[in-house]
Amino acid sequence: MNHKQIKELLPIYLYGDLTADEAKEVQLHLAACGECRAELESLKAFNDVVSNQPAVEVTDKLLNEAREELHTALRRETIRHSVFEKIVEGVTGIFTPRYQFASGAAAALLVGIGIGYIFFHQTNVEQTKEAGTSLATETSQSNPQSAAADFLHGDTRTDNLHFLNLDPQSGQVEFTFDAVTPMRVKGNVNNAQVQKVMAHAIVNSDNPGVRLKAVNALAEQGGSVTGGRDADPAVKSALVIALKSDGNPGVRREALRALLQMPFDKEIKEAVLFVLLHDKNSGMRVAAINGLELTSHEKRMNDADVLNALKKKMHSDDNNYVRLQARTALQEVSQ
Amino acid sequence: MAPHEIELIQKARGGDVGAFEALVYQYDKQVLTIAARYVNSSDDAKDIYQEVFLRVYKGLKKFQLRSEFSTWIFRITTNVCLSYHSRRKRHAHVSLDQEQDENDGETSHRDEIVSEEHSPHRQTENAELSLRVEEAMNVLSPQQKLIFTLKHYQGYKLNEIASMLECSEGTVKKQLFTAVRRLRNQLKEFA
Ligand SMILES: [Zn+2]
């Protein structure tokens, strides 16, 4: 290696990343070349300057915070996933001829739902193949249909088109895509299918007004939503997600109201405690305290988690009023 | 890959969050450390951490069991770091000078310096220096900055960095040289 090449290698030499042979060659050259020695000193000075840079320390506390936030996000992800699968079941149910909506609609909601390939695969809609259509589609290998073509009209939007096969010889094509069709769903809010559609809207709609209306419709029905039985897990999960993570406090407030009307169980308790401990909105924290106080009274229960959370808030909440409410509730509950 | 790791992966694929956590807690401190050094902010580092592991979780189904799990995690980490930088850049008002500053010109960040003028950190010389180092780092391209922090602060070997970034060792060396040259240029009054 010549002087220029050696000089280039000096940073790597300092980092100890050269092979033994290369390092030896550099050392030999350094002994003989003043310019490279000076360059090495200058590099060391630079390294010192940069090394003194203060860094964010990855403490156990920071790591645990990151883990907790991830845990919440993962739970949300799995719930979202399972809710979505239930919705697909529910919505495909709507389109089968067997299914009849309850009359006397209490809630009507317009939602766009992406279902896609699985949808065409699973439904048995009557086919009316138009003569002369050049688009031959196959949605299932065993059961050739032209269902997809029939859906490509009106308000349907398609997305995520993927070609699986393209045979120029025969002109056969095979592809999948998501079809997003706005659907008008009209039915009684007590109806399980309608509730699932609303649960989907609560979790997935970008529009806070839609989310609020959907949560509101479920809350309005109060006890009759559950009819004294256990609430639909998908609906409950959607409300829990909304309560814990919706950006709009109005939606969170309604979700809390709806959940407090359902049979109070561990999942709901944890969600309400989450609000008490983590919601940035003090009004929400107060509502959580009131909810806990009321249910504790009704159930005559003395839950350690609830007591601890209230104690914590009584001492350390930023908000005066929340502290006061927590103190009062604690007295009531522990009596 | 270790048999217990494969078992955890299979459970996690089925939606078992606990198994997923057991699986990734072997590597997650390293991921957080890489991110923290790269963005030099604990909040941003946590954002990157979360994004990395959500991507890992969602990608598990497609992960080939014959490849190395840790390598895959660190590849995702570097990808998220590099794109995270650009996501923040879009929000910050970065001057065009800075974007075009591919050469070692003296066009440093006048806006940033002005905005930091009132910062109390400028009181001491050390704080001034660390501010300048921070600024100098931001002159680097995201890839140069990542390679430099992985090498200089965390001591990863060149071949490890190459594997993380899915590029050749030669590319890593070249980018590292350029990073060092540009940083020295920015900081020549201090060293
Ligand atoms: Zn020389």
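Residues numbered from 1 in each chain as written. Chains lettered and ligands numbered in written order. Predicted model: local features only at pLDDT ≥ 70, side-chain atom pairs only at ≥ 80, totals over all residues. Heavy atoms only, no water.

Let us look at the packing of helix H14 (residues 304–316) of chain A against helix H15 (residues 320–334) of chain A. Residues and elements named next belong to chain A. Closest axis-to-axis distance for the H14/H15 pair is 7 Å, and the angle between their directions is 145 degrees. When you trace H14 past H15, the crossing you get is left-handed. Contact residues: Leu307, Leu310, Lys311, Lys313, Met314, His315 and Ser316 in H14; Val322, Arg323, Ala326, Arg327, Ala329, Leu330, Val333 and Ser334 in H15. For the contact of H14 with H15, the class distribution of residues is eight nonpolar, three polar and four charged. (Axes fitted to C-alpha atoms, helices over the stretch in contact; angles between N-to-C directions. Helix = DSSP H or I, 4+ residues; strand = E, 2+ residues; numbered from the N terminus. Left-handed = near helix turned anticlockwise from the far one by under 90°. Contact = heavy atoms within 4.5 Å. Nonpolar A, V, L, I, M, F, W, Y, C, P; charged D, E, K, R; others polar.)

For the rest of this paragraph, the subject is helix H10 (residues 158–165) of chain B. Residue and element names in this part refer to chain B. Buried within H10 are the following residues: Leu158, Ile161, Ala162, Met164 and Leu165. All buried residues of H10 lie within an arc of 160 degrees about the axis, which places them on one face of the element. Just downstream of H10, glutamate 166 is the residue with a positive phi angle, here 50 degrees. (Buried < 20%, exposed > 50% of the residue type's maximum accessible area, 1.4 Å probe, protein only. Arc of directions from axis to C-beta.)

Residues and elements named next belong to chain A. Across chain A, the average pLDDT comes to 73, with 63% of residues at 70 or higher. When mean pLDDT is taken per element in chain A, helix H2 (residues 20–32) scores highest with 95 and helix H5 (residues 117–122) scores lowest with 31. Counting contacts from residues 92–153, a segment whose pLDDT is below 50, to residues more than four positions away or on other chains yields 106 contacts. (pLDDT = per-residue confidence, 0-100.)

On to the packing of aromatic side chains, then. Residue and element names in this part refer to chain B. Tallied over the full model, the rule gives eight aromatic pairs over all chains. Both rings, one in tyrosine 27 and one in phenylalanine 74, keep their centres 6.4 Å apart while their planes meet at 85 degrees; by these two values the pair is edge-to-face. Linking tyrosine 27 in the loop between helix H2 (17–24) and helix H3 (28–39) with phenylalanine 74 in helix H5 (residues 69–91), this pair joins segments that are 47 residues apart in sequence. Phenylalanine 74 shares its class with tyrosine 27; the two are buried. (Phe/Tyr/Trp six-rings, centres within 6.5 Å; stacked < 30°, edge-to-face > 60°.)

Moving on, we come to the coordination of the zinc ion. The protein atoms that coordinate the zinc ion are His3 of chain A (ND1), His29 of chain A (NE2), Cys33 of chain A (SG) and Cys36 of chain A (SG), at distances of 1.9 to 2.3 Å. Classification of the site at the zinc ion rests on its four donor atoms, whose angles at the metal span 100 to 121 degrees, yielding the label tetrahedral. (Donors = N, O, S within 2.8 Å, 3.2 Å for Na, K, Ca; no water. Tetrahedral: all angles 85-135°; square planar, octahedral: opposite > 155°, others 65-115°.)

Attention shifts here to the packing of helix H12 (residues 266–278) of chain A against helix H13 (residues 282–299) of chain A. All names here are of chain A. For the pair H12 and H13, interaxial distance at closest approach is 8 Å and the crossing angle is 140 degrees. Considering their axes alone, H12 and H13 lie oblique with respect to each other. Considering only the axes of H12 and H13, their crossing is left-handed. Between H12 and H13, the contacting residues are Val272, Leu273, Val275 and Leu276 on the first element and Met284, Arg285, Ala288, Ile289 and Leu292 on the second. (Parallel < 35°, antiparallel > 145°, perpendicular 65-115°, else oblique.)

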